[in-house]
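Here is what each chain is made of, one letter per residue.
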Amino acid sequence: MYIPDVGSQMKREVNYLYFTLIFTYLSSLSWIHYISLDAPFIWFIYASLQALWITSSLILLQQMASPFRPIFSVLTLLTFCYIILSATQFFLARLLDSNLTTLFRFFCQTSWPHFFAAWQAIHLNQAMVIVLFFLCLTTPWIWHRFYLYTSYLSRHKPLTCSLLSLLLLLATCSVSLLALEYLALQARPHPTHRHFAKYLPLMTTLLTAELPSLKISSPIESYLATSIPEEAWSQVRHTIQEKPNIYIWIIETFRKDHVSPHITPTFDQFQKEHQGFSHSFANSNATHLSWFSLFHSRFPYHFAEAHRQPLQKGALPLQLLQDLGYEIEVFSSSSFQYFDISPLLFGDQQRCIHFCADVSALPIEPWEKDQALMDLFEKRFTHTPTQGKLFLFFLDGPHSEYSFPLSPSPPFQPFAPRIDYLTLNPKETTLIQNRYKNALFHVDLLFQQFLSILKKRNAYDDACIVATGDHGEEFFEEGALFHGTHLNVYQTAVPILLKLPPRDSWRLHPERACHLDIFPTILHFITRQEWQGFDGHSLFSHNPWPYILSVSQNGPLAPYEFLLRLDAEELHVRTFKEQPLYMQTEFELLSPSLPNFPINQAFQALTGIHNHRKKS
């Protein structure tokens with residue numbers, strides 16, 4: 001049995017071409033990011049030292065394993081896997097300003113049906129699917145041949161190295177990294193430190209950058225099923241005389257700043273004639289959390305806990321509307337398999353729904369599914385009563401890769417025929433944005449068709465109509481593409497457009513709204529009473545909670561990043577991951593500096609939001 005003698009000067013050949021290319025490859029991935037970010041030069045040095053540390057470690061392990069052929073082969077395979085993960089991390093950081101852990105949480109920490117539903121939701125074009133499949137098949141073989149070829153070339157001019165020399169090199173790199181970080185990088189502002197650190201070969205620095213913290217008096221209020229006092233509800237439900245039809249449009253990926261005469265003229269005119277809001281936000285930057293907040297009127301961080309509750313009856317606002325005699329019809333091109341959200345919204349076996357047209361699995365383009373739904377609605381609406389129906393529309397066309405008909409000619413030219421993720425340049429997004437605008441323009445035409453149907457049937461004036469997006473979309477304004485990564489205005493600001501039948505002395509407050517407020521407002525209007533118990537408030541309320549909460553997605557798990565808004569002020573915090581959400585009393589502060597006192601007070605209000613409202 002061979003036992004390596006670290007103290008000996010026995011030297012072995014090194015495939016220096018192979019490892020030089022690995023070092024260059026790892027360094028270059030970080031350098032490309034830092035060049036685009038105009039990072040301080042110290043980060044280039046630090047990335048190079050990390051790449052050298054990794055390369056030295058691989059050489060040392062290979063030298064020690066060389067007498068044991070099976071171990072040597074496994075090590076070579078693991079090196080290949082690391083290179084592939086580094087490439088994946090590079091593209092994730094380049095496109096989403098995110099890392100591999102985000103991808104793992106999103107795809108892997110749930111059931112296989114969700115994995116396929118999430119993959120389907122991406123709408124990845126066929127060309128990219130073929131490229132990825134081809135790379136998966138051929139890359140291992142190419143890598144193996146690459147190693148053999150560089151090994152053959154290295155033997156023509158061999159280079160030898162002892163184990164002791166490698167250990168000294170590794171130790172020198174480690175000390176240099178620690179010294180460099182302690183003397184230079186730790187002096188940088190902490191948010192900047194973390195931002196640059198995720199682009200390193202190890203995706204982190206050796207020392208942890210501690211952020212200032214925000215302490216609250218007691219933990220966040222845990223999830224409890226929302227309830228309405230039965231006695232109070234019984235007194236109301238038997239006195240309801242008017243049950244106007246309700247129509248709610250939930251549009252995938254609808255940015256608030258894209259409601260304009262140029263891009264979405266119908267939505268823009270609808271907003272001018274009825275009600276929009278100066279500050280309107282989604283409660284999350286991801287679909288499943290936004291849907292949960294909208295339909296349950298509960299803060300989105302309760303999603304994971306709510307999903308674990310047995311015997312799902314569906315969202316309470318839908319149950320209450322059913323109790324009032326409403327029939328619920330759903331028209332969806334979005335998949336309800338996404339994070340298995342159907343029972344959470346509509347109950348087991350969709351018990352809240354009277355009719356459901358789910359075309360998400362049809363083998364046609366998303367825009368065609370949206371069009372099919374509207375055509376089906378028009379056919380069914382002939383037999384629809386003038387009162388007592390709730391229609392829910394889930395439209396998927398504006399989700400990436402942004403789907404729209406090519407004939408007649410789309411208005412926004414030129415546009416990218418597809419999104420090429422491997423060669424996408426963050427500085428050249430105009431073609432992709434034009435795809436997005438064309439998709440929204442087509443949804444706007446569908447909304448125009450919808451309004452025409454109502455007016456033709458004399459059902460428009462008495463209708464309650466809501467149109468919103470589940471989240472926004474970013475086009476590298478702050479370093480990411482798409483959504484689910486940043487809690488910024490691009491990913492969370494959505495239109496909330498509202499039309500209600502005219503009623504004397506009832507006035508909406510146009511300053512701010514969020515998804516939490518939609519159903520409390522509808523129930524308030526129909527029952528003529530404002531109901532406590534929800535996390536949202538009626539937009540007719542004279543004493544609303546003045547803050548808007550948004551969270552960042554964490555796959556199927558509880559979110560750990562929160563943003564509280566008060567007009568132009570923001571409180572951005574992150575939980576400590578080692579503790580469960582409902583036990584947290586201290587948060588990492590991500591805001592540049594401590595905000596003013598009222599925002600701190602608002603975050604503390606999350607520890608007992610219902611009591612807070614009653615006291616107010």
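Residues numbered from 1 in each chain as written. Predicted model: local features only at pLDDT ≥ 70, side-chain atom pairs only at ≥ 80, totals over all residues. Heavy atoms only, no water.

**Describing the overall build of the protein chain**
For the record, the criterion: The numbering of helices and of strands both runs from the N terminus, where a helix is a DSSP run of H or I of at least 4 residues and a strand a run of E of at least 2. Exposure is judged per residue with a 1.4 Å probe applied to protein chains only, and the accessible area is read against the type maximum: over 50% gives exposed, under 20% gives buried, and values in between give partly exposed. We call two residues contacting when some pair of their heavy atoms lies within 4.5 Å. Computed by Shrake-Rupley with a 1.4 Å probe, the accessible areas treat only the displayed protein chains as cover when residues are assessed.
When you go through the protein chain residue by residue, the secondary structure sums to 20 helices and 17 strands. The buried share among the 616 residues of the protein chain stands at 54%. Relative to all contacts within the protein chain whose residues are 6 or more apart in sequence, the contacts with residues 24 or more apart total 76%. Summed over all atoms, the accessible surface of the protein chain reaches about 28000 Å², with 60% contributed by carbon and sulfur.

**Considerations on the sheet that holds strand S14 (residues 548-551)**
To keep it simple, the criterion reads: Strand pairing follows a simple DSSP-based rule, namely that at least 2 bridges must link the two strands. Working convention: axes come from line fits to C-alpha atoms, limited for helices to the stretch in contact. Angles between N-to-C directions cover 0 to 180 degrees.
Taken in spatial order, the five strands make up an open sheet running S3-S17-S16-S15-S14, and their pairing is antiparallel. Across the chains shown, the open sheet's two edge strands, defined by having one partner strand only, are strand S3 (213-215) and S14. Here the strands of the sheet are splayed against their neighbours by 35 degrees on average, with no regard to which way each runs.

**Structural notes on the pattern of salt bridges**
Opposite charge on two side chains permits them to pair, given that their charged atoms come into close proximity. This is how the line gets drawn: One side-chain nitrogen of Lys or Arg within 4 Å of one carboxyl oxygen of Asp or Glu is enough to make a salt bridge.
Enumeration over the complete set of coordinates arrives at eleven salt bridges. The salt bridge partner of arginine 308 is glutamate 305, with a shortest N-O separation of 2.7 Å. The salt bridge partner of glutamate 329 is lysine 389, with a shortest N-O separation of 2.6 Å. Of the two residues, glutamate 329 sits in strand S6 (residues 327-332) while lysine 389 sits in strand S8 (residues 389-395), which places them 60 residues apart along the sequence. For the residue pair glutamate 329 and lysine 389, the accessibility class agrees, reading buried in each case. Three or more residues are tied together by salt bridges with common partners; here these are Glu327, Glu329, Arg380 and Lys389.

**Remarks on a nonpolar patch on the surface**
Spelled out, the test is: Residues forming no salt bridge and having over 30% relative accessible area are the ones grouped into patches, like charges within 9 Å of each other and nonpolar side chains (Val, Leu, Ile, Met, Phe, Trp, Tyr) within 5 Å.
Taken together, the side chains of Tyr149, Tyr152 and Leu153 define a hydrophobic patch exposed on the protein surface, amounting to about 320 Å² of accessible area. The residue tyrosine 152 is located in helix H6 (residues 126-156) in this model. With relative accessibility at 47%, the residue tyrosine 152 sits in the partly exposed group.

**As for the pairing of S6**
Counting buried residues along S6, five of its six residues qualify, which places the element largely inside the surrounding structure. Across six bridges, the pairing between S6 and S8 is parallel. Residue pairing across strands places phenylalanine 331 opposite phenylalanine 393, the latter belonging to S8. Where S6 meets strand S7 (residues 355-358), four bridges bridge the pair, whose relative direction is parallel. Bridge pairing in S7 links valine 330 to cysteine 356.

**A word on the packing of aromatic side chains**
As a reminder of what qualifies: For Phe, Tyr and Trp, rings pair up if their centres lie within 6.5 Å, where Trp contributes its six-membered ring, and each pair is then called stacked (planes under 30 degrees apart), edge-to-face (over 60) or tilted (otherwise). Definition used: whenever NZ (Lys) or CZ (Arg) falls within 6 Å of the ring centre and also within 35 degrees of the ring normal, the charge is taken to sit over that ring.
Enumeration over the complete set of coordinates arrives at 49 aromatic pairs. A centroid spacing of 6.4 Å and a plane angle of 80 degrees characterise the contact between tyrosine 34 and tyrosine 199, whose relative ring orientation is edge-to-face. Highlighted residues: tyrosine 34 in helix H1 (residues 16-37) and tyrosine 199 in the loop between helix H8 (190-197) and S3, separated in sequence by 165 residues. Taken as a pair, tyrosine 34 and tyrosine 199 share a single burial class, namely buried. Judged by centre distance (5.9 Å) and plane angle (25 degrees), the rings of phenylalanine 295 and phenylalanine 394 are stacked. Taken together, the residues span a long stretch of sequence, with phenylalanine 295 in helix H11 (residues 287-296) and phenylalanine 394 in strand S8 at a distance of 99 residues. Pair check on accessibility: phenylalanine 295 and phenylalanine 394 agree, each one buried. In this structure, arginine 380 packs its charged tip against the face of phenylalanine 355, placed 3.6 Å from the ring centre. Positioned above the aromatic ring of phenylalanine 525, the side-chain terminus of arginine 503 is 3.8 Å from the ring centre.

**Some points on the packing of helix H15 (residues 366-380) against helix H16 (residues 430-456)**
Rules: Here roughly perpendicular refers to angles of 65 to 115 degrees, roughly parallel to angles under 35, roughly antiparallel to angles over 145, and oblique to all remaining angles. Each residue is assigned to one class: nonpolar for Ala, Val, Leu, Ile, Met, Phe, Trp, Tyr, Cys and Pro, charged for Asp, Glu, Lys and Arg, and polar for all the others, Gly among them.
Where H15 contacts H16, the two axes come as close as 10 Å, and the packing angle between them is 0 degrees. Relative to H16, the element H15 lies roughly parallel. Contacts from Trp367, Asp370, Gln371, Met374, Asp375, Phe377 and Glu378 in H15 reach His442, Leu446, Gln449, Phe450, Ile453 and Leu454 in H16. Looking at the contact of H15 with H16, its residues break down into seven nonpolar, three polar and three charged.

**Section: the side chain of arginine 255**
Here is the rule we go by: Definition of a polar contact: a pair of N or O atoms within 3.5 Å, with one able to donate and the other able to accept a hydrogen when the atoms are protein atoms, and with sequence-neighbouring residues admitted only if both atoms are side-chain atoms.
Position of arginine 255 among the secondary structure elements: in the loop between strand S4 (246-251) and helix H10 (265-273). One polar contact links arginine 255 to aspartate 257, side chain to side chain, over a distance of 2.7 Å. Engagement of the side chain of arginine 255 in a polar contact is seen with the side chain of glutamate 477, the distance being 3.0 Å. Excluding residues that lie within four positions of it along the chain, arginine 255 makes contacts with Tyr436, Gly472, Glu473, Glu474, Phe475, Glu477, Tyr490, Ala493 and Pro495.

**A closer look at the environment of proline 559**
The residue proline 559 is located in the loop between S14 and strand S15 (561-566) in this model. Setting aside anything within four residues of it in sequence, one finds proline 559 in contact with Leu289, Pro300, Tyr301, Val551, Ser552, Asn554 and Leu581.

**Let's talk about the sheet that holds strand S9 (residues 464-469)**
In space, the six strands of this open sheet follow the order S7-S6-S8-S4-S9-S12, with mixed pairing throughout. At either end of the open sheet lies a strand with only one pairing partner, and these are S7 and strand S12 (496-499). Taking each pair of neighbouring strands and ignoring which way they run, the sheet shows an average axis angle of 10 degrees. Here S4 runs beside S9; their pairing, made up of six bridges, is parallel.

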